[in-house]
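Descriptive structure summary
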Amino acid sequence: MVEGGISKADKTEFTECWSAVWRTPYIMKLALSAGIGGFLFGYDTGVISGALLYIREDFKEVDKKTWLQETIVSMAVAGAIFGAATGGWLNDKFGRKLSIIIADVLFFAGAIVMAVAPVPWVIIVGRIFVGLGVGMASMTAPLYISEASPHRIRGALVSMNGLLITGGQFLSYLINLAFTDVKGTWRWMLGIAGLPAIIQFLLMLALPESPRWLYRKGKVDESREILAKIYSAEEVENEMQAMKKSVEEEKEIEGSIGSSTFTQIKKAFGNTTCRRALYAGICVQVAQQFVGINTVMYYSPTIMQFAGIASNKTAVALSLITSGLNAIGSIVSMAFVDKYGRRRLMIISMVGIISCLVVLSVVFFQASAHAPAISGTESAHFGNNTCTAYVNAPNPSSWNCMKCLAKEADCGFCSNSNLYAPGACIAKTDALAGACKAEKRVWYTKGCPSKFGFLAVVFLGLYIIVYSPGMGTVPWIVNSEIYPLRFRGVGGGLAAVSNWTSNLIVSLTFLTLTEHLGSSGTFLLFAGFSFLGLVAIFFLVPETKGMQFEEVEKLLQKGYSPFRKNTTTTTKESSDHTK
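Below, the structure is looked at part by part. Given the structure is predicted, the values throughout are model-derived calculations rather than measurements. In every chain, residue numbers begin from 1 and rise along the written sequence. Side-chain atom pairs in this predicted model are given and counted only at pLDDT of 80 or more, local residue features only at pLDDT of at least 70, and totals for whole chains, interfaces and linings cover all residues. For side-chain calculations, the full set of non-hydrogen atoms in the structure is used, while hydrogens and water are omitted.

1. Considerations on the overall build of the chain
For the purposes of this entry, the term helix denotes a DSSP run of H or I that reaches at least four residues, the term strand denotes a run of E that reaches at least two, and both are numbered from the N terminus. Summing up its helical and strand segments, the chain has 26 helices and 3 strands in all. Note on exposure labels: buried denotes an accessible area under 20% of the residue type's maximum, exposed denotes more than 50%, and partly exposed covers the range between, all computed with a 1.4 Å probe on protein chains only. Per-residue burial over the chain gives 55% buried out of 579 residues. Carbon and sulfur atoms make up 64% of the accessible area of the chain, which amounts to about 24000 Å² in all. A 1.4 Å probe and the Shrake-Rupley method give the accessible areas. Residues count as covered only by the protein chains that appear here.

2. Things to note about the state of the cysteines
When two cysteine sulfur atoms are found within 2.5 Å, that pair is recorded as a disulfide. Evaluated as defined, the whole model comprises 4 disulfides. There is a disulfide in this structure between Cys401 and Cys448, and the S-S distance comes to 2.1 Å. Its S-S torsion of approximately -95 degrees makes the covalent link between Cys401 and Cys448 left-handed. Of the two residues, Cys401 sits in helix α21 (residues 401-405) while Cys448 sits in the loop between β3 (443-444) and α23 (453-472), which places them 47 residues apart along the sequence. Taking relative accessible area as the criterion, Cys401 reaches 0% and is therefore assigned buried. With a sulfur-sulfur separation of 2.1 Å, Cys414 is cross-linked through a disulfide to Cys436. Looking down the S-S bond of the Cys414 and Cys436 bridge, the torsion is 95 degrees, so its handedness is right-handed. A residue pair is termed long-range when its members are at least 10 positions apart, and Cys414 in strand β1 (residues 411-414) and Cys436 in helix α22 (residues 430-438) qualify at 22 residues. Both residues of the pair, Cys414 and Cys436, count as buried. If the cysteines joined by disulfides in the chain are listed in sequence order, their pairing comes out as 1-4, 2-8, 3-6, 5-7.

3. A word on the pattern of salt bridges
For side chains bearing opposite charge, pairing can occur when the charged atoms are close. By salt bridge we mean one thing: a side-chain nitrogen of Lys or Arg within 4 Å of a carboxyl oxygen of Asp or Glu. Considering all chains together, one arrives at 9 salt bridges under this definition. Asp181 serves as the salt-bridge partner of Lys313, at 2.9 Å between the closest nitrogen and oxygen. Of this pair, Lys313 sits in helix α17 (residues 312-340) while Asp181 sits in the loop between α8 (154-178) and α9 (185-191), placing them 132 residues apart in sequence. Overall, Lys313 belongs to the partly exposed group, its relative accessible area being 38%. Exposure remark for Asp181: the relative accessible area of 61% places this residue in the exposed category.

4. Remarks on the sheet that holds β3
By definition, two strands form a pair when at least two bridges between them are found by DSSP. With antiparallel pairing, 3 strands are arranged side by side in an open sheet as β2-β1-β3. At either margin of the open sheet sits one strand with a lone partner, and together these are β2 (424-427) and β3. For β1 and β3, the ladder comprises 2 bridges, and the chain directions are antiparallel. Considered in β3, the bridge of Phe413 is made with Tyr444.

5. So, a positive patch on the surface
Among the surface-exposed residues, Lys93, Lys217, Lys219 and Lys251 lie close enough to one another that they form a single positively charged patch. Relative to the assigned elements, Lys219 resides in the loop between α11 (211-216) and α12 (220-227). We classify Lys219 as partly exposed; its relative accessible area is 37%. Each patch is built from salt-bridge-free residues with over 30% relative accessible area, joining like charges within 9 Å and nonpolar side chains (Val, Leu, Ile, Met, Phe, Trp, Tyr) within 5 Å. A residue counts as positive if it is Lys or Arg and as negative if it is Asp or Glu; His and the chain ends are not included. Every charge is mapped to an atom, namely NZ of Lys, CZ of Arg, CG of Asp or CD of Glu.

6. Some points on helix α25 (residues 488-540)
Expected span of a helix: the number of residues minus one, times 1.5 Å. Between its first and last C-alpha atoms α25 spans 18 Å; for 53 residues at 1.5 Å apiece the expected length is 78 Å, and the helix comes up short by more than 12%. In the structure, α25 departs most strongly from a straight axis at Leu517, where the bend amounts to approximately 110 degrees. At any given residue, the bend is defined as the angle formed between two axes, one fitted to the seven residues that end at that position and one fitted to the seven that begin there.

7. Some details on the packing of aromatic side chains
Each Phe, Tyr or Trp ring, with Trp reduced to its six-membered ring, pairs with another whose centre is within 6.5 Å; inter-plane angles below 30 degrees give stacked pairs, above 60 give edge-to-face pairs, and intermediate values give tilted ones. A complete count under the given rule lists 11 aromatic pairs for this structure. Ring plane angle 35 degrees and centroid distance 5.6 Å describe the contact between Phe39 and Tyr43, whose orientation is recorded as tilted. Remark: Tyr43 and Phe39 occur in helix α2 (residues 25-46); sequence separation between them is 4 residues, near one turn of the helix. Each member of the pair, Phe39 together with Tyr43, is buried. With a centroid separation of 5.4 Å and an interplanar angle of 85 degrees, the aromatic rings of Phe290 and Phe529 are classed as edge-to-face.

8. Quick look at the nonpolar core
Note on terminology: a nonpolar core comprises buried Ala, Val, Leu, Ile, Met, Phe, Trp, Tyr and Cys residues joined through side-chain atoms within 4.5 Å. Among the nonpolar cores identified, the biggest contains 105 residues, and Ile55, Trp186, Tyr463 and Ile537 are the most heavily contacted of them. Among the elements that take part in this core, α25 stands out by supplying 12 residues, more than any other. In what follows, residue pairs with any heavy atoms lying within 4.5 Å of each other are defined as contacts. Leave out the neighbours within four places in its chain, and Tyr463 touches Val291, Gly292, Ile293, Val296, Ile353, Cys356 and Leu357. Residues Met204, Tyr231, Met240 and Met243 belong to the second largest nonpolar core, which totals 20 residues.

9. Quick notes on helix α15 (residues 272-290)
For α15, with 19 residues, the first-to-last C-alpha span of 27 Å sits near the 27 Å given by 1.5 Å per residue. Most of α15 sits inside the fold, with 14 of its 19 residues counted as buried. Residues adjacent in sequence count toward polar contacts only when both atoms are side-chain atoms; beyond that, a polar contact is any pair of N or O atoms within 3.5 Å, and within protein one must be able to donate a hydrogen and the other to accept it. The distance from a side-chain oxygen at the start of α15 to the backbone nitrogen of Thr273 is 3.1 Å, and the residue carrying that oxygen is Asn271.

10. Re the packing of helix α18 (residues 342-369) against α25
The packing of two helices is summarised by the inter-axis angle and the distance between the axes. Here an angle of 0 to 180 degrees is reported between the N-to-C directions of two axes, which are lines fitted to C-alpha atoms, with helices fitted over the stretch in contact. Close contact between α18 and α25 brings their axes to 8 Å; oriented N to C, the two are set at 165 degrees. Looking at the two axes, α18 sits roughly antiparallel to α25. The crossing of α18 and α25 is left-handed. Partitioning the contact of α18 with α25 into residue classes produces 19 nonpolar, 5 polar and 1 charged. Throughout, the term roughly parallel applies to angles under 35 degrees, roughly antiparallel to angles over 145, roughly perpendicular to angles from 65 to 115, and oblique to all others. It is the rotation of the near helix from the far one that decides the hand of a crossing: anticlockwise by less than a right angle makes it left-handed, clockwise makes it right-handed. For this classification, the nonpolar set comprises Ala, Val, Leu, Ile, Met, Phe, Trp, Tyr, Cys and Pro, the charged set comprises Asp, Glu, Lys and Arg, and every other residue, Gly included, is treated as polar.

11. Looking at the environment of Lys313
Sequence spacing of Lys313 and Gly50 is 263 residues, and the spatial spacing of their C-alpha atoms is 8.9 Å. The contacts of Lys313, once residues within four sequence positions are left out, are Tyr54, Leu177, Thr180 and Asp181. Of note is the side chain of Lys313, whose polar atom sits 2.9 Å from the side chain of Asp181.

12. Quick look at a nonpolar patch on the surface
A surface patch of nonpolar side chains, about 870 Å² in accessible area, is lined by Phe269, Tyr279, Phe529, Phe531, Leu532, Val535, Phe539, Leu540 and Phe563. With 6 residues, α25 is the single largest residue contributor to the nonpolar patch. The topology assignment puts Leu532 in helix α25. Here Leu532 falls in the exposed class, since its relative accessible area comes to 55%.

13. Focus on the side chain of Ser361
Looking at where Ser361 falls in the secondary structure, it is placed in helix α18. If near-sequence neighbours (up to four positions away) are discounted, Ser361 is found in contact with Ser520, Phe523 and Leu524.

What follows is the structure, given as C-alpha cells:
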C-alpha cells in the first residue's frame, strides 16, 4: 500500500539529517512527531489483516457474511477519502498543527471504539474514525514536515515519513503475531494504536505551527520566530524572502485558476498540457491499486488460509514476509529511481507483477484441483454431524474439500491423520472444530490442505519484491513532478482521490470475487487489470527522470509518444497553451 508520497533525498542529505536531529531538540521533536504520524498511517491500514481472523471467530455473523468482512476492512479507506478531502480545507483554514492534532484524536477515538466494540457495526464506526485520521495524516504530516523543517534536510524528513508508513504496516503484523495467544486478541491489536496517538498529540502541543501557514495568514513575526529556532540570523532573512516570493506566486496562481475546487478542476481539464498530465498521473495511481496490492496487504493472512494454512497464528506469521518486503522495497526505490528512471521502473515492475499473478492463479487452481476428497466413512466418524449439503448432494462421491468449504455448503473440513488423504465434511460449529482438533487433526474453513501452499507464499513474496520498488512508490513521485505549477495542487489532489477510490473498490470486492471466481480466477482477473495498466503506462506516461518542471511541461505540451524521441529544452518560463 501503498498510500502516501516519497520525496527524493540523497545520501548526504540523510547524513546531515541524522546530525541535525541529534543536535537540535526542535528538529528531534519534529522528526519524532513525523515518524509517529507515518507509523499510525501504516499501522491502522495494516493491522486489520490479522485482526479480521479473530473478529470472525468472535462474531459468527462476520464469518458467514463476506460483505461484512469487506466492510470492516474497507471502511477505513472510505473514511480516508473523506478525511483527505476535509483535511485540505482544515489545513488552509486552521493550520497544519491543529489538523494533525485532530487526526490524533480521531486515531485515538477509533482505536478505543474498536477495542471495546460489543457488535460488528461498532467496529465499522471505529474503522471510519481511523480512516478519517489516516486521510488527514496522509496529506497533512508530509506538508507540515516540509514547511516546518530546515530546507537542507527537508527531503530526508519527508522520505523518512514515507518509509515509516511501510514500517508501520510491518510493525502491525508483528503486533498481530504478539497478541495471537492473548485473551482479547483483536481488541488488543486494534486498541494499542491509541498509545502512539496520545504520544503524538502531546508532542504536537509542544511544537509550533507551520511558519509558511503563519506567513500566509499575515502572522509574519510569529513565522520569523519559528524560523529563528532552526536557522542562523542570516539564513532566517533568506528564508523569509524565499517564503514571501513563494506565497506571492501561490496567490497569483490561485487568482488565475480560481479558488473553488470545481473551477480548478474544470480549468485543469481544459488545459491541454494539464489534461495530458492528468491522464498519466491518474493512470499510474489507478494501476497501482488495480494490480491488487491492497488485497495482499489487507487480506494477507486470509490469502494464506486460502493456500491451505489453517492456523491463524501461522497465517499471521507468514504474512510478515509480505509486509517486511514492502518496507524493504521502499528503500530500494529511493536508491534506484533516480538512476534508472520512473517509467522504466514502473514497466519492469508491471511485467513482474503480471508474471507473479499468473503463476499465483495457476498455483491456486492446482491447489483446488488436487484438494483432498471427502470420505463418507470419515464424515460418519463424527456421528450425525455430517454436512447436510454433502448428505443431500445428488453425487456426494464427487465432492472434495473445496466443495465442502464453498459458501453454499457452509461446512468445515476435518483432515485425515494423513493430511492429503480423504477427510470429513462436517457441520461448521465450534464444538465440532474442537472435536476435530482433539483428535490431532487439522480443521479447515477457508482453504484446503495442499502441497502447493508453499508456492503461494513464495510467489506472494516475489509479487511484493517486484511491486514495491516500482509501482509501490514511483506513481507518487511521478505525480509530484508532472503537473504545471499552477495546477499542481488540483492535479495531485485528483490523482490522490483516484488512488483512494481505486483502493476502496478493490478492498471492498476482493472476498466477494474469491467466492464467485475462486482464488485462481481472482488473481487472474488482477493479472488482466495489470496488463491493461501496463499498456496505459507505456502509451501515456513519459520519463521525467532528471527533468526540470519546465521541461516536463514542454514535453506534455507537445504531446508524448513512446515511438518517437521526446526531447525538450529547458526554459525558465512556463507557457500556458490552452486549446
